Amino acid sequence: MISVLMFYGTFIACIALAFRKSAVFIFVLYQGVYFFNPATKWWGKSIPDLSYSFYIVLSLILIVMMNFSKIIENNPLKVPQLRWLYIVVLLYVIASVYAVLPVPHSIAVEAFVTLAVIVSLGYILCDTEKKLDYLIYGYLYGAFYLSFYVFQFGRNSGSRVEGVGMVDAPDSNGVSAALAPAVVLCLYYFWVNSNVKIKALFAITGVFVANALILINSRGAFLGVSVGLSVFIWSMYFSSFQRKNQKLTVIAIVILGLAGSTVIIDDGFIKRMQTLMVETEVDEEKESGATRTAYWVAAIEMSKDYPFGAGRAGFNYYAPVYIPENINTGNSKHRSVHSTWFETLSEIGYPGIIAFMMMLWGAYKTTQAAKKKLKGVGNVDAYFKILAIQCALITFIVTMTFLNRLRAEVLYWIILYTACVYNVYILKPQETKNANPE
């Protein structure tokens, strides 16, 4: 019942806020529905069986078309990372000509093109700092809901949680990748807000997300969060750009975080994370976490024969040819490559992996330019907001290194946030005073 009320409440609130404040709340609604994903939830039968995302995207398109001047004013082609995103998508479309599995590839193309359109619409509608906050709040709200659902659901598959995912991430690892970047963003908003009630909301969200990641037991997400949080906390402490008592705050946050982790971390999580140290060499007798390195080598060998890739699931199809016979891959040789980098290489080849890396490089360069500007005008809060977005992206990048997430929604939402940063602070010069983002 709580989930149904939250679902309807999200619709009502976002539509009301779209009329009252900004049309960007329709994108926020899209983010919420993505995480709710009623089709896979036990409560889904309690609501009408509709394609909610389709109608939300259609509404976004109509809103943008009705405000055509915004397309000219907020032209996505002005942003490097979005230009490279379009090239990645274009290469994926071109791969339709030679994809080894035409039907799965055509489905993936449709989803990828739709995702690029959605990101573009979000960028066109987001042209102020406050609207950027709304977009991030939408992501954190969705992450909170899914984490709450995982908490209710509990582990149902050994030491893991299965069957709670989203449309593009039905398995537990995909869910953990989608949730992982929320941890560092929650920490940022908890830190900068002076309102105790707002702080409590972000603290609760962060705790639920961390608890969900522990219940899911994804080693990749654990590494991603560890790296992303470490970079953010290190930068907060050692940066020459400081708020009042910032170093003491960092120490307090670290102590509080370590104390809290002792409460939510269990033996199952500890045992699984210990395998990170144990599974460093490929075991020919059984499949293990280290076996994926053999898949990565196989993907490189495959790229020599298919330099432009083999389309969606191309590696899965050709894996038996390139994975050595002595490698135990479980019940089947047709395995996923288990890395976004090699997924990209095997599906759209060398041009694809170059364009994908350039998209990430563009996100880094544009956010660095915005940070430099904000540091010059003394806007500490906005500076560290951008750092938090960068660390959220780092978190996802580390996590996706061990998962196939080339077409992940959340990855491109974070790319969208970096594009909005560039639009708000570089392309649209405005007063950048240090304001509390409550």
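Our structure is the block above this text.
Residues numbered from 1 in each chain as written. Predicted model: local features only at pLDDT ≥ 70, side-chain atom pairs only at ≥ 80, totals over all residues. Heavy atoms only, no water.

(A) Broad picture of the layout of surface pockets. By volume, the second largest pocket amounts to about 1,000 Å³. Along its surface, the second largest pocket is lined by 29 residues, and Val183, Ala210, Leu229, Gly257 and Ser261 are the ones closest to its centre. Put simply, the parts of the chain that give the lining of the second largest pocket at least two residues each are helix 9 (182-192), helix 10 (196-216), helix 11 (219-238) and helix 12 (246-264). Ranked by the residues each element gives to the lining of the second largest pocket, the list is headed by helix 12, at eight residues. When its residues are assigned to classes, the lining of the second largest pocket shows 22 nonpolar, seven polar and no charged. (1 Å grid on protein atoms, 1.4 Å probe; cavity = no way out; pocket = protein on both sides within 12 Å on 5 of 7 lines; lining within 4 Å. Points joined across faces, edges and corners; volume = space filled by probe spheres on them. Helix = DSSP H or I, 4+ residues; strand = E, 2+ residues; numbered from the N terminus. Nonpolar A, V, L, I, M, F, W, Y, C, P; charged D, E, K, R; others polar.)

(B) Spotlight on empty space enclosed by the protein. One pass over the structure, following the stated rule, counts one cavity of 30 Å³ or more. Size it by volume and the largest cavity reaches roughly 30 Å³. What lines the largest cavity is simply Tyr34, Asp168, Ala169, Gly174, Ala177, Ala178, Phe396, Arg405, Ala408, Glu409 and Val410. Of all the secondary structure elements, the ones that give two or more residues to the lining of the largest cavity are helix 8 (172-179) and helix 18 (409-427). Per element, the largest residue contribution to the lining of the largest cavity is three residues, and it comes from helix 8. Its residues assigned to classes, the lining of the largest cavity shows seven nonpolar, one polar and three charged.

(C) Spatial organisation of the side chain of Asp127. For Asp127, the location among the structural elements is in the loop between helix 6 (102-125) and helix 7 (129-153). When its relative accessible area of 10% is taken as the criterion, Asp127 is described as buried. A polar contact is formed between the side chain of Asp127 and the side chain of Lys131, at a distance of 3.0 Å. (Buried < 20%, exposed > 50% of the residue type's maximum accessible area, 1.4 Å probe, protein only. Polar contact = N/O pair within 3.5 Å; in protein donor to acceptor, adjacent residues only side chain to side chain.)

(D) Looking closely at the side chain of Glu409. Mapped onto the secondary structure, Glu409 falls in helix 18. With no salt bridge to any partner, buried Glu409 finds its closest opposite charge in Arg405, at an N-O distance of 8.7 Å. Once residues within four sequence positions are removed from consideration, Glu409 is found in contact with Tyr30, Tyr34, Leu115 and Asp168. (Lys, Arg positive; Asp, Glu negative; His and termini not counted. Salt bridge = Lys/Arg side-chain N within 4 Å of Asp/Glu carboxyl O. Contact = heavy atoms within 4.5 Å.)

(E) The arrangement of the packing of aromatic side chains in detail. Inspection of the entire model under this criterion finds 43 aromatic pairs. With a centroid separation of 5.0 Å and 70° between ring planes, the pair formed by Tyr34 and Trp413 is classed as edge-to-face. One end of the pair, Tyr34, is in helix 2 (residues 24-36); the other, Trp413, is in helix 18, and 379 residues separate them in sequence. Accessibility assignment for this pair places Tyr34 and Trp413 in one class, buried. Within the aromatic cluster, the residues linked to one another by ring pairs are Phe7, Tyr8, Phe11, Phe36, Trp43, Tyr52, Tyr141, Tyr145, Tyr149 and Phe153. Taking NZ or CZ as reference, Lys41 lies 5.4 Å from the ring centre of Tyr149, over its face. The ring centre of Trp191 lies 5.3 Å from the NZ or CZ of Arg243, which sits over that ring. (Phe/Tyr/Trp six-rings, centres within 6.5 Å; stacked < 30°, edge-to-face > 60°. Lys NZ or Arg CZ within 6 Å of the ring centre and 35° of its normal.)

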